[in-house]
Structures are given as C-alpha cells and as structure tokens.
Amino acid sequence: MTEYAIYDVFTGTALAGNPLAVVFEADHFSDAQMQSIAREFNLSETVFVTKPQNPAHTARVRIFTPGRELPFAGHPTVGAAVALADRRLGGKAPANGMDMVKMLEEGIGAVRCAVRICAGNAGFAEFDLPRLSQCFNVEIEPADIGMALGLDPQEIGFENHRVSLWSAGVPFVMVPVHDQAAAAKAECNPADWERIAPMGDGQLAHPYIYCRGGMNHTASFHARMFAPGEGIVEDPATGSAVAALSGAIHLYDGLLDGNHALVIEQGVEMGRPSLIHLHLDCAGSEVSHARIGGQAVKIAEGRLLF
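A tally of helices and strands in the protein chain yields 6 helices and 19 strands. The C-alpha atoms of the protein chain give 19 Å as radius of gyration, which agrees with the globular expectation for 306 residues (19 Å, within 12%). Taken along its principal axes, the extent of the C-alpha atoms in the protein chain is 55 × 40 × 35 Å. Per-residue burial for the protein chain yields a buried fraction of 57% across its 306 residues. Here the protein chain has roughly 12800 Å² of accessible surface; of this, 51% comes from carbon and sulfur atoms. Taking the 21 positively charged and 35 negatively charged side chains of the protein chain as two groups, their mean positions are separated by 9 Å.

The next subject is the packing of aromatic side chains. Scanning the model with the defined rule gives 7 aromatic pairs in all. With a centroid separation of 5.1 Å and 65° between ring planes, the pair formed by Y4 and F41 is classed as edge-to-face. Remark: F41 occurs in helix α1 (residues 31–41) and Y4 occurs in strand β1 (residues 2–9); sequence separation between them is 37 residues. For the residue pair Y4 and F41, the accessibility class agrees, reading buried in each case. Both rings, one in Y210 and one in F221, keep their centres 6.1 Å apart while their planes meet at 65°; by these two values the pair is edge-to-face. Highlighted residues: Y210 in strand β14 (residues 206–212) and F221 in strand β15 (residues 221–227), separated in sequence by 11 residues. Taken individually, Y210 and F221 each receive the classification buried, so the pair is uniform in this respect.

Let us look at helix α6 (residues 239–253). Here α6 contains 15 residues, and its C-alpha end-to-end distance of 20 Å stays within 8% of the 21 Å for a straight helix at 1.5 Å per residue. In terms of burial, α6 is a largely internal element, 13 of the 15 residues being buried. Within two residues after α6, G254 carries a phi angle of roughly 55°, on the positive side.

What follows covers helix α2 (residues 74–89). Helix length check: α2 (16 residues) gives 23 Å between terminal C-alpha atoms against 22 Å at 1.5 Å per residue, within 8%. Among the 16 residues that make up α2, 13 are buried, leaving the element largely enclosed by the rest of the structure.

For E69, the location among the structural elements is in strand β5 (residues 69–70). Given a relative accessible area of 33%, E69 falls into the partly exposed group. The spacing of E69 and E45 is 24 residues in sequence and 9.1 Å in space, taken between C-alpha atoms. Setting aside its immediate chain neighbours within four residues, E69 contacts Q35, R62, I63 and F64. Within the local environment of E69, its side chain forms a polar contact with the side chain of R62, the two groups lying 2.9 Å apart.

So, on to the side chain of H206. Along the chain, H206 falls in strand β14. Ignoring sequence-local partners within four residues, the contact set of H206 consists of P171, F172, V173, W193, M225, F226, A227 and E230.

Turning next to the pattern of salt bridges. Going through the model one piece at a time under the given rule, you end up with 19 salt bridges. Between R87 and E3 there is a salt bridge, with its nearest N and O atoms 2.9 Å apart. Linking R87 in helix α2 with E3 in strand β1, this pair joins segments that are 84 residues apart in sequence. Assessed through its relative accessible area of 32%, E3 is described here as partly exposed.

Time to look at the environment of K102. Along the chain, K102 falls in strand β6 (residues 98–106). The class of K102 is buried, set by a relative accessible area of 6%.

Moving on, we come to unusual backbone geometry. Even without being a glycine, F10 presents a positive backbone phi close to 65°. Relative to the helices and strands, F10 resides in the loop between β1 and β2 (18–23).

Turning our attention to the nonpolar core. Formed by 66 residues in total, the largest nonpolar core has its most connected members in M174, Y208, Y210, I264 and I292. The contacts of I292, once residues within four sequence positions are left out, are F10, A125, E126, F127, L129, G239, V242, A243, I276, H277 and L278. In terms of nonpolar packing, the next biggest core, distinct from the first, is built from 23 residues, F136, I140, L165 and W193 among them.

Pairing between β1 and strand β19 (residues 286–304): 8 bridges, direction antiparallel. Bridging across to β19, I6 finds its partner in A300. Bridge count between strand β8 (residues 123–128) and β19: 6 bridges; the pairing is antiparallel. Residue pairing in the sheet places F124 in a bridge with Q295 of β19. Looking at chain direction, strand β18 (residues 274–283) and β19 are connected through 7 bridges and run antiparallel. When the sheet's bridge partners are listed, H279 is paired in β19 with R291.

The rules we used
Residues numbered from 1 in each chain as written. Predicted model: local features only at pLDDT ≥ 70, side-chain atom pairs only at ≥ 80, totals over all residues. Heavy atoms only, no water. Helix = DSSP H or I, 4+ residues; strand = E, 2+ residues; numbered from the N terminus. Rg over C-alpha atoms; globule rule 2.2 N^0.38 Å. Buried < 20%, exposed > 50% of the residue type's maximum accessible area, 1.4 Å probe, protein only. Areas by Shrake-Rupley, 256 points an atom, 1.4 Å probe, with all protein chains shown as cover. Lys, Arg positive; Asp, Glu negative; His and termini not counted. Charge placed at Lys NZ, Arg CZ, Asp CG, Glu CD. Phe/Tyr/Trp six-rings, centres within 6.5 Å; stacked < 30°, edge-to-face > 60°. Expected span 1.5 Å × (residues − 1). Contact = heavy atoms within 4.5 Å. Polar contact = N/O pair within 3.5 Å; in protein donor to acceptor, adjacent residues only side chain to side chain. Salt bridge = Lys/Arg side-chain N within 4 Å of Asp/Glu carboxyl O. Core = buried A, V, L, I, M, F, W, Y, C linked by side-chain atoms within 4.5 Å. Pairing = 2+ DSSP bridges.

Quick look at the structure:
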C-alpha cells in the first residue's frame, strides 16, 4: 500500500488555497498508472515522489494534471517540499521552527527549495525559479481575447500593461484588466480560447488575468487562471503563472535594480483565496534571480489500496 497526503497550498488555512495530492514512494507506478491516479484524485495537480537520479538530491517529483504530465509547476513544488519536510520530522516539528533545504528533481531540472516547519503553524516553502521568465513575440488582438474570456476589449489593459505571452517553463497569455470587477466577470470559452491561443515552449498557452490590488490588503496583484484543456476549469493558485508574470511585471512596471517583494492573490472568485509570494532581484535592468513561495497545510492522509 502506498501512502499519500493532501495539502492545501499557498494558504495557511485548511480548505483554501490550491489542493494538492502528494503520493510518496511512487517508484513502482508506471506512467499510465500515475496519470490514472491523478485523474482519480481529480485535483489540478498530483505529485508522485520517487527516488532521485542524483543521490545528493532529496527526491524526484513527477507532476500530473488530470490530463498530462507537466515539467514544472509552482504549487506542487511548494506542497511537495513541505510534505517531504513534514514526513521527515514525523509531525514533531520544534516549537521554535526548523529550516531545511530540499533539492527536487523536476522535468525542468533540479529545483532548490528552502522550507520552514514550525509546530502549530502551516509550513512555508520558497523555491528558486529554475528558469527566468521569457517573453515570446506574438500578436494577440484584445478583441479576440475579449471574445474568448467574456471581456470587453476596453476592459483589457491598464497603465502600460498589455496582452503578452510569457513562459518560465509553462506558457501563459498575460491578460491585464482594469480592475477586480473586470477580472470577476471573466469566463473562459474553451473552444474560442483554443482557436486563438498561441503556442509557447511547444505548449498551448493558458490565459492568466491580472489587475492591481486585491481583496487582501497585502496583495500587489489580483489574478485568475483558466486551463480547460487540462481538465481545470479554473485554478485557485498557479505558481508557474506567477513565475511567467514576473517578466511582465519587470518589463511593464520598469522595476529598478534591487529586491522587490510582491504578493499575488488568486482563487478569490472560487472561494479558495491564495497568496503567492514573489521575490525579484533586479540588476542591470534585468531580473537576475527570482523566487516563489507560500504556505501549505496538510488536511488529509491515507493509503492507495493497490
């Protein structure tokens, strides 16, 4: 029997954030079995923990949506790092906390995660982006975006932010909108989106809607993400999208050299509010380093009976 745990990620509160299934010691499962198990859990992602190829690393993690395997994703990375730290400590975290470093092998490469576990509190993990955000030169008409997402073209764009395509391993069409009211009315029509969506990194890009501010007073940006092609009508928190968004923020906000700490709010419209921490180090008018982090809380555990 194989043990698993369910974590709510990018939140410190149970039944909020983005749920994740973490299946431990999963080396004996075939690719097809992993995909079937991910469909059975029917969460936006399921992580399978296997032995690392490099024995100096913590684990190899494979990330599956209900429809396919991903090379990288943010909330599975945060959730898996916290889950492995919890499992190592056996639920006996010290009251004053413990810091650990985990090296997780993902499809995109080795990902370094810093984890803090403290008794009575949700775990926190932060990881270095294995790849910085890259912009793809494509022309995307706001009218087409509006038709696919149920938005008026006049609601798309704010300040000098415009529709653009970015990827830090998984591609997203960044759709800036005027305010939270415009973000709240958005609905993705899968057929229309598939017709107009560009490709990036060999994949069909998903829409990521964002505006300034948020319901939470700490939020720098408010966001929503749709991925109907992955079996995900809407995602409560998308770390890979925030990784891609980092490039757009740097470009359009003209970030100065130095460190910039931002919080992105997502999942509010779904009743699963999430807070994703983004840290950007800028030097020489470029992003030199970026990190994404958040909390994760375990809400269930069990065994697969086969």
